[in-house]
Amino acid sequence: MKITVLGAGAWGTALAISLAAKNQVILWGRNQAAMEAAQVARENQHYLPGFPLPANLQASADFDLALRHALDDGLLIIASSVSGLRPILQQCKSYPLKNVVWLCKGFEESTRLLPHQVVKQELGDQILAGALSGPSFAQEVAQGLPCALTIASSSNTLCRMVVDAAHGPNLRIYSSDDVVGVEVGGAVKNILAIATGVADGLGLGLNARAALMTRGLAEINRLSTALGGRLETLMGLTGVGDLILTCTGNLSRNRKVGLALAEGKSLDLIVQELGHVAEGVRCAQAVKALAHDLRIEMPITDAVAGVLFEQVAAREMIERLLSRDAKAESI
Ligand SMILES: NC(=O)c1ccc[n+]([C@@H]2O[C@H](COP(=O)([O-])OP(=O)(O)OC[C@H]3O[C@@H](n4cnc5c(N)ncnc54)[C@H](O)[C@@H]3O)[C@@H](O)[C@H]2O)c1
Ligand SMILES: O=P(O)(O)OC[C@H](O)CO
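Labelled according to an unreviewed UniProt entry, the chain appears under the name Glycerol-3-phosphate dehydrogenase [NAD(P)+], originating from Undibacterium macrobrachii.

Here it is, written out as structure tokens:
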């Protein structure tokens, strides 16, 4: 299959490497010098150093070439951050695309929309569209270690197409029609990974981490249910699966943000040192506001937003959570 991956960050590059095992792949990035260097050196030295690009993966900054490759029966995969999704979609509008998948996890900050809503606004509902999500650190996928993902779409045809393109011994692809549930799980787990990073950085122990993750799952459920997602989706790869990975795995950029906040570092310095997007940062503000509008209780999300944007100290964030009144346990 002909596949174009738009966005040559860590995850776009890793997935492109994996897909190139049985597809003809173009990896497009907006930085021409970086893409030329990647094509020659056969490595994305800035975003995913140490992982060779296979022979049938072409790195390019030529947008027209990349889009034409994905027309007809081809597949377009948008691998930018959430903030890059709408600008990229606007660039794509003049091409008669049929099949579009995105990988970003979060809510758009300014509109508080989920990625599938942004895609619908920009490309309409005549295309086949879906979110590919689940517990997946780029470095492990690029290494060929086992990983399982979920393609979420209202189109069975698109789900089958993604399975055909990507499913193999190292990458298992499951399907779901619960796009909202899949996207809310992927978005909110990043905020919760910041919270567990803070707790672990303060040395609060494994019991505290398990409690934060479990009560965090309840927050995901409340928001997902309010937006039309299904509880069963949260029990799967894109819910509890990705929550476990991101809250406990030291490769997580969101968890690293939490650990650094616990050290007392400023958010500006943390973001600068990270060099990659940590979606939980932008998402925390959007989800806090959305929860407020929907009258949903999301105390962990509130607490994370407080540390990120309201100068609440990391230890005070934890104290606020622990001083909440006793209540019945509910999901
Ligand atoms: N890294 C992972 O392990 C991983 C795994 C699964 C999902 N994700 C999700 O995938 C998305 C991308 O993550 P990443 O790890 O590749 O981030 P990254 O920071 O490594 O790269 C982000 C990429 O997006 C590109 N980009 C942003 N705005 C753009 C625009 N307007 N036009 C063109 N390109 C633009 C940047 O140039 C960069 O190449 C995030 O939403 C992340 O949550 C990441
Ligand atoms: O490194 P993070 O925290 O952006 O997480 C990466 C993936 O979303 C994990 O599934």
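Even after reading the chapter, I still don't get the overall build of the chain, so can you show me in this structure?
Of regular secondary structure, the chain possesses 16 helices and eight strands. Its C-alpha atoms give the chain a radius of gyration of 19 Å, near enough to 20 Å, the size a compact globule of 331 residues would have. Along the first, second and third principal axes, the C-alpha set of the chain runs to 55 × 40 × 35 Å. Evaluated residue by residue, the chain yields a buried proportion of 56% over its 331 residues. Looking at the chain alone, contacts between residues at least 24 apart form 71% of all its contacts between residues at least 6 apart. Approximately 14,500 Å² of the chain is accessible, and the part contributed by carbon and sulfur atoms is 51%. Taken as two groups, the 29 positive and 31 negative side-chain charges of the chain have centres that lie 2 Å from each other.

Please explain the packing of aromatic side chains as it appears in this structure.
Remark: the centre distance and the inter-plane angle together describe each pair of aromatic rings, the angle taken between the planes. Inspection of every chain in the model, using the stated rule, returns two aromatic pairs. Geometrically, the ring pair formed by Trp-28 and Phe-63 is edge-to-face, given 5.2 Å between the ring centres and 75 degrees between the ring planes. Of this pair, Trp-28 sits in strand 2 (residues 24-28) while Phe-63 is found in helix 3 (residues 63-69), placing the two residues 35 residues apart along the sequence. Taking relative accessible area as the criterion, Phe-63 reaches 12% and is therefore assigned buried. Centroid distance Phe-63 to Tyr-95: 6.2 Å. Interplanar angle 70 degrees. Geometry classified as edge-to-face.

Would you explain the site of ligand 2 in this entry?
What surrounds ligand 2 is the set Lys-105, Gly-134, Pro-135, Ser-136, Lys-189, Asp-242, Leu-245, Thr-246, Leu-251, Ser-252, Arg-253 and Asn-254. Within the side chain of Lys-189, a nitrogen or oxygen atom sits 2.7 Å from an oxygen atom of ligand 2. In the model, an oxygen atom of ligand 2 is placed 2.6 Å from a nitrogen or oxygen of the Asp-242 side chain. Across the complex, the protein chains shield 92% of the 310 Å² of accessible surface that ligand 2 would expose by itself. Secondary-structure elements contributing two or more residues to the shell around ligand 2 are helix 11 (237-248) and helix 12 (253-262). Sort the elements by how many residues they give to the shell around ligand 2 and helix 11 lands first, with three residues. Residue composition of the shell around ligand 2, grouped by class: three nonpolar, five polar and four charged. Counting the residues that make up the shell around ligand 2, at least three belong to each of domain 1 (2-177) and domain 2 (187-322).

Looking at this structure, I do not really get the nonpolar core. What am I missing?
Across soluble globular proteins, you tend to see nonpolar side chains buried next to one another. Counting residues in each nonpolar core, the largest one holds 50 residues, and the members touching the most others are Phe-107, Leu-223, Val-257, Leu-308 and Met-317. Tallying contributions element by element places helix 8 (residues 179-201) first for this core, with eleven residues. Residues Ala-10, Val-25, Leu-57 and Ala-142 belong to the second largest nonpolar core, which totals 40 residues.

Honestly, unusual backbone geometry in this entry has me stumped. Any pointers?
Glycine aside, residues mostly have negative phi, and peptide bonds are mostly found in the trans state. The backbone phi angle of Arg-42 is positive, close to 60 degrees, even though this residue is not glycine. Of note, Arg-42 is situated in the loop between helix 2 (32-41) and strand 3 (57-60). For Arg-42, a relative accessible area of 22% puts it in the partly exposed group. In this model, Arg-112 sits at a positive phi of 60 degrees, which is unusual for a non-glycine residue. Tracing the backbone shows Arg-112 in the loop between strand 5 (99-102) and helix 5 (115-123). Arg-112 gets classed as partly exposed once you look at its relative accessible area, which sits at 32%.

Explain the site of ligand 1 to me, please; I cannot follow it from the model alone.
Within the structure, ligand 1 sits among 23 residues, and Trp-11, Ala-138, His-276, Val-277 and Glu-279 are positioned closest to it. Within the backbone of Val-277, one N or O atom sits 2.9 Å away from an oxygen atom of ligand 1. Measuring from an oxygen atom of ligand 1, one finds a side-chain N or O atom of Glu-279 at 2.6 Å. Protein contacts shield 90% of the accessible area of ligand 1, which totals 830 Å² for the unbound molecule. If you list the elements that add at least two residues to the shell around ligand 1, you get helix 1 (10-19) and helix 4 (82-92).

Definitions and cut-offs
- Residues numbered from 1 in each chain as written.
- Chains lettered and ligands numbered in written order.
- Predicted model: local features only at pLDDT ≥ 70, side-chain atom pairs only at ≥ 80, totals over all residues.
- Heavy atoms only, no water.
- Helix = DSSP H or I, 4+ residues; strand = E, 2+ residues; numbered from the N terminus.
- Rg over C-alpha atoms; globule rule 2.2 N^0.38 Å.
- Buried < 20%, exposed > 50% of the residue type's maximum accessible area, 1.4 Å probe, protein only.
- Contact = heavy atoms within 4.5 Å.
- Areas by Shrake-Rupley, 256 points an atom, 1.4 Å probe, with all protein chains shown as cover.
- Lys, Arg positive; Asp, Glu negative; His and termini not counted.
- Charge placed at Lys NZ, Arg CZ, Asp CG, Glu CD.
- Phe/Tyr/Trp six-rings, centres within 6.5 Å; stacked < 30°, edge-to-face > 60°.
- Near = heavy atom within 4 Å.
- Polar contact = N/O pair within 3.5 Å; in protein donor to acceptor, adjacent residues only side chain to side chain.
- Nonpolar A, V, L, I, M, F, W, Y, C, P; charged D, E, K, R; others polar.
- Domains from an automatic or database assignment.
- Core = buried A, V, L, I, M, F, W, Y, C linked by side-chain atoms within 4.5 Å.

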